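# Topology and contacts: notes
The residues making up each chain are set out below.
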Amino acid sequence: MGFKYCDEGHWMDPSWKRCPVCLAPLSGWLVHLKENKPFKAYSIHEGKSFIGSGADCEIRILNIDLSRQHAYLVIADGMCSIVDMGNSGSALKVNNIDTVKTALIDGDIIELGNSAFKIKLL
Ligand SMILES: [Zn+2]
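Notes on the structure in this doc start here. (Residues numbered from 1 in each chain as written. Predicted model: local features only at pLDDT ≥ 70, side-chain atom pairs only at ≥ 80, totals over all residues.)

## Some remarks on the overall build of the protein
- Helix and strand counts for the protein come out as one helix and 13 strands.
- Listed by position from the N terminus, the elements making up the protein come as β-β-α-β-β-β-β-β-β-β-β-β-β-β.
- Taken against the 2.2 N^0.38 rule, which gives 14 Å for 122 residues, the C-alpha radius of gyration of the protein at 14 Å falls within 12% of a compact globule.
- Taking the principal axes of the C-alpha coordinates as reference, the protein spans close to 40 × 30 × 25 Å.
- With 122 residues in all, the protein has 25% of them scored as buried. (Helix = DSSP H or I, 4+ residues; strand = E, 2+ residues; numbered from the N terminus. Rg over C-alpha atoms; globule rule 2.2 N^0.38 Å. Buried ≥ 20, exposed ≤ 12 C-beta atoms within 10 Å, placed from the backbone.)

This is the structure we're talking about:
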């Protein structure tokens, strides 16, 4: 096969010895919520993290309502933001407000399709 995964589930080229995502400093977690309760936490690292159902996403969510690359998080200079890639008909919402790109702070609630998340930043 043309790819493998690190222990955290990040996509890796088979020739890579170590996962470049996990080597970046940890910045926090994206917590997947189910019925308003934490269900699964994905570690987020400095740089860009794609969220979607595709195998090449750093944060891979196997939900039918998410596109392969649905949105991405960017963490740089201590700031976190989320950007909707416009690959789906459903709007990105942050704290119940439709958006395509916005800065995030600790505790913000993000909705992508029918999936809800809380961002926990260090
Ligand atoms: Zn990794």
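## Focus on the environment of Leu92
- As for its position among the elements, Leu92 is in strand β9 (residues 92-94).
- Between the C-alpha atom of Leu92 and that of Asp13, which follows or precedes it by 79 residues, the distance is 30 Å.
- With residues near it in sequence (within four places) discarded, Leu92 still touches Ala71, Ile82, Asp84, Thr99, Val100 and Leu112. (Contact = placed C-beta atoms within 7 Å.)

## Looking at the pairing of strand β5 (residues 47-52)
- Across five bridges, the pairing between β5 and strand β7 (residues 71-76) is antiparallel. When the bridges of β7 are listed, Lys48 appears paired with Val74.
- Alignment of β5 against strand β6 (residues 59-60), held across two bridges, turns out to be parallel. When the sheet's bridge partners are listed, Gly52 is paired in β6 with Arg60. (Pairing = 2+ DSSP bridges.)

## Observations regarding unusual backbone geometry
- The residue Asp77 is not glycine, and still its phi comes out positive at about 50 degrees.
- With respect to the secondary-structure elements, Asp77 resides in the loop between β7 and β8 (79-84).
- Given 5 C-beta atoms within a 10 Å radius, Asp77 is considered exposed.
- Positive phi, close to 75 degrees, is recorded for Asn96, a residue that is not glycine.
- Tracing the sequence through the fold places Asn96 in the loop between β9 and β10 (97-99).

## Structural notes on the pairing of β7
- The two faces of β7 differ: Ala71, Leu73 and Ile75 on one face are buried, but Tyr72, Val74 and Ala76 on the other face are not.
- Pairing between β7 and β8: six bridges, direction antiparallel. Paired with Ile75 across the strands is Cys80, a residue of β8.
- Between the antiparallel neighbours β7 and β8 lie two residues, among them Asp77 with a positive phi of about 50 degrees.

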